[in-house]
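Remarks on the overall topology
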Amino acid sequence: MHTQIVRKPEMILTGISARTTNAEEAGPNGVIPGLWAQFSQANLAEVTGASNRHLTYGLYTDYESDFTGAYTILLGHEHGSAEIHKESGFAHAVVPESNYMVFTTAKGPMEVVVPQTWAEIWKYFKDSPEKRTYTGDFELYDARKSDAAGVEVQIYIAVE
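The structure contained in this document is the topic of the report that follows. (Residues numbered from 1 in each chain as written. Predicted model: local features only at pLDDT ≥ 70, side-chain atom pairs only at ≥ 80, totals over all residues. Heavy atoms only, no water.)

1. Re the overall build of the chain
For the chain, the count of helices and strands is five helices and eight strands. Listed by position from the N terminus, the elements making up the chain come as β-β-α-α-α-β-β-α-β-β-α-β-β. Relative to the globule expectation of 15 Å for 160 residues, the C-alpha radius of gyration of the chain, 15 Å, shows essentially globular dimensions. Here the C-alpha coordinates of the chain stretch approximately 45 × 35 × 30 Å along the principal axes. (Helix = DSSP H or I, 4+ residues; strand = E, 2+ residues; numbered from the N terminus. Rg over C-alpha atoms; globule rule 2.2 N^0.38 Å.)

2. Quick notes on the packing of aromatic side chains
Think of a pair of aromatic rings as described by two things: how far the centres are apart, and how the planes are tilted against each other in angle. Summed over all chains, the structure comprises 15 aromatic pairs. Note that Arg132 overlies the ring of Phe125, its terminal NZ or CZ placed 5.9 Å from the centroid. (Phe/Tyr/Trp six-rings, centres within 6.5 Å; stacked < 30°, edge-to-face > 60°. Lys NZ or Arg CZ within 6 Å of the ring centre and 35° of its normal.)

3. Considering the nonpolar core
With 25 residues, the main nonpolar core has Tyr60, Ile73, Leu75, Trp118, Ile121, Phe125 and Ile157 as its most contacted residues. Here this core gets five residues from one element, more than from any other, and that element is helix α5 (residues 110-126). Ile157 has contacts with Asn99, Tyr100, Met101, Phe103, Trp118, Ile121, Phe125, Arg132 and Asp137, leaving out every residue within four places of it along the chain. Counting residues in each nonpolar core, the second largest holds 14 residues, with Leu13, Tyr57, Leu74 and Ala158 among its members. (Core = buried A, V, L, I, M, F, W, Y, C linked by side-chain atoms within 4.5 Å. Buried < 20%, exposed > 50% of the residue type's maximum accessible area, 1.4 Å probe, protein only. Contact = heavy atoms within 4.5 Å.)

Function-wise, these values are silent; they only describe arrangement.
This is the structure:
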């Protein structure tokens with residue numbers, strides 16, 4: 001697992017969202033797989049006029065506490081302004097400017113490599129010198145890095 005720290009400017013994301021917990025996602029009633037199915041069918045990049053349409057974000061925001069509490073997940077694309085999409089019926093979120101620790105998954109099936117990397121992230125932050133801010137973490141899926149062998153995803157964790 002390769003990591004680095006980068007500073008990212010504020011972003012505005014538009015997409016579809018749901019509220020859940022990691023405990024719910026570990027069981028049979030998880031909402032994230034269904035959200036991904038809905039996202040795939042919606043063709044949001046075209047519908048909303050997204051910039052950088054090859055990039056898909058999985059944003060984790062509005063944390064109730066830490067990774068054990070409830071949070072909102074938004075699957076979507078980056079846009080220049082939230083005002084443009086307020087009437088679209090889609091969810092939008094402002095991701096604040098922040099320092100992020102970036103974790104890169106191994107290449108493989110999304111449903112395997114992403115949860116595997118999240119488990120490593122939770123373990124890493126138990127005793128790390130960096131502290132999570134829980135202001136908005138995101139997975140970045142680049143369609144140019146996907147093929148028959150699977151995906152390679154970057155996971156950005158907001159840190160102090």
